[in-house]
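# A closer look at the structure
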Amino acid sequence: MSTHFKTSKFLFVSLIIVLLASCNTQVNSKNQNQDPLQGVWKLDAFYTLANSDTIVKNYNKVQHKMYLNGHVLWNTDTDENGVDWSGYGTYSFKKDTITETLTSTSKSMKSDINTYVIPIDLNVNSYKQVNTYYRNDTVFKNIEIFTKID
């Protein structure tokens, strides 16, 4: 092999290595700045508390949430009465709170309230959200535990 060919081959291989390293650095840098909620999440557990007493435990409820570029989309199985529950809108995430503003919902979700401020406990691949609401003299809490699937 000629010296010229060896030098050209070395330069070509070096260029490929530099390009691959550069791409990897850009991907890693992008992932570090990525929203930790971005992705698809599956409900693993659902509890309802009434004045701190558990009244519902459900590990069979199917629900998914998808967060992407500031948008949220979620759906759940139709309930035992045939009622659909779903919503779409925008979200923001700061520290330990998700704020979801739903702009499109199933009929069952129609309400004068379309912004939900939800405290969460976020881990690497799971989070727990707690929705608190009041009815008469009772404080209800829906506790949902999600696992990231993508």
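Described in the following lines is the structure provided in the data block. (Residues numbered from 1 in each chain as written. Predicted model: local features only at pLDDT ≥ 70, side-chain atom pairs only at ≥ 80, totals over all residues. Heavy atoms only, no water.)

### So, a nonpolar patch on the surface
To be explicit about the condition: Within the patch definition used here, like charges are joined within 9 Å and nonpolar side chains (Val, Leu, Ile, Met, Phe, Trp, Tyr) within 5 Å, considering only residues with over 30% relative accessible area and no salt bridge. With residues, only the protein chains shown are counted as cover, and all accessible areas are computed by Shrake-Rupley using a 1.4 Å probe. One speaks of a salt bridge when a side-chain nitrogen belonging to Lys or Arg is within 4 Å of a carboxyl oxygen belonging to Asp or Glu. Strands here mean DSSP runs of E at least two residues long; helices mean DSSP runs of H or I at least four residues long; both are numbered from the N terminus.
On the surface, Met-66, Leu-73 and Tyr-88 cluster together into a nonpolar patch covering about 230 Å² of accessible area. Residue placement: Leu-73 occurs in strand β4 (residues 71–76).

### Notes on the pattern of salt bridges
To keep it simple, the criterion reads: Note on exposure labels: buried denotes an accessible area under 20% of the residue type's maximum, exposed denotes more than 50%, and partly exposed covers the range between, all computed with a 1.4 Å probe on protein chains only.
Throughout the structure, instances matching the rule amount to three salt bridges. A salt bridge links Lys-42 to Asp-44, with the nearest nitrogen and oxygen atoms 2.9 Å apart. By relative accessible area, Asp-44 is classed as partly exposed at 30%. Of the charged contacts, one joins Asp-121 and Lys-128 as a salt bridge, the two residues approaching to 3.7 Å between their closest N and O atoms. For Asp-121, a relative accessible area of 46% puts it in the partly exposed group. Relative accessible area serves as the criterion here: at 32%, Lys-128 is assigned to the partly exposed category.

### A closer look at the pairing of strand β3 (residues 63–68)
Where we set the bar: A pair of strands counts as paired when DSSP detects no fewer than two bridges linking them.
On β3, burial follows the alternation: Gln-63, Lys-65 and Tyr-67 on one face are buried, whereas His-64, Met-66 and Leu-68 on the facing-out side are not. One ladder, built from four bridges, connects strand β1 (residues 39–50) with β3; its direction is antiparallel. In the strand pairing of β3, Gly-39 is matched with Tyr-67. Relative to β4, β3 runs antiparallel, the two being bridged by six bridges. By the bridge assignment, Lys-65 is partnered in β4 with Trp-74.

### Here we look at the layout of surface pockets
Inclusion rule: Put plainly, a pocket is an open set of points on a 1 Å grid over the protein atoms alone with protein on both sides within 12 Å along at least five of seven lines, a cavity is a set where a 1.4 Å probe fits but cannot get out, and a lining residue has an atom within 4 Å of a point. Grid points are joined across faces, edges and corners, and a volume is the space filled by probe spheres set on the points. Any residue that is not Ala, Val, Leu, Ile, Met, Phe, Trp, Tyr, Cys, Pro, Asp, Glu, Lys or Arg is counted as polar, Gly included; the first ten are nonpolar and the last four charged.
Taken as a whole, the largest pocket encloses approximately 980 Å³ of empty space. If you trace the largest pocket, you find 31 residues lining it, with Phe-46, Lys-61, Trp-85, Asn-142 and Glu-144 closest to the centre. Counting residues per element, the ones that place at least two in the lining of the largest pocket are β1, β2 (53–58), β3, β4, β6 (97–105), β7 (115–122), β8 (126–135) and β9 (138–148). In terms of residues, the lining of the largest pocket owes the most to one element, β8, which gives six residues. Per-class residue counts for the lining of the largest pocket are 14 nonpolar, nine polar and eight charged.

### Side note on the nonpolar core
For clarity, the threshold we go by: Nonpolar cores are built from buried Ala, Val, Leu, Ile, Met, Phe, Trp, Tyr and Cys residues. Side-chain atoms within 4.5 Å join them into one set. Whether two residues are in contact is decided by their heavy atoms: any pair within 4.5 Å suffices.
Of all hydrophobic cores here, the largest spans 15 residues; its most connected members are Leu-37, Trp-41, Tyr-67, Tyr-91, Ile-98, Ile-120 and Tyr-127. Breaking this core down by element, the ones donating at least two residues are β1, β4, β6 and β7. Examining the composition of this core, we find that three residues originate from one element, β1, more than from any other. For Tyr-127, the contacting residues outside a window of four places in its chain are Leu-37, Trp-41, Lys-65, Tyr-67, Ile-98, Ile-120, Asp-121, Leu-122, Glu-144, Ile-145 and Phe-146.

### Structural notes on the packing of aromatic side chains
As a reminder of what qualifies: The rule is short: rings of Phe, Tyr and Trp, with Trp giving its six-membered ring, pair when the centres are within 6.5 Å, and they are stacked under 30 degrees, edge-to-face over 60, tilted in between.
Following the criterion strictly, the structure yields four aromatic pairs and no others. Judged by centre distance (4.9 Å) and plane angle (70 degrees), the ring pair of Trp-41 and Tyr-127 falls under edge-to-face. Residue Trp-41 is located in strand β1, and its partner Tyr-127 is located in strand β8; the two are separated by 86 residues in the primary sequence. According to the relative accessible area criterion, Trp-41 is buried, its value standing at 0%.

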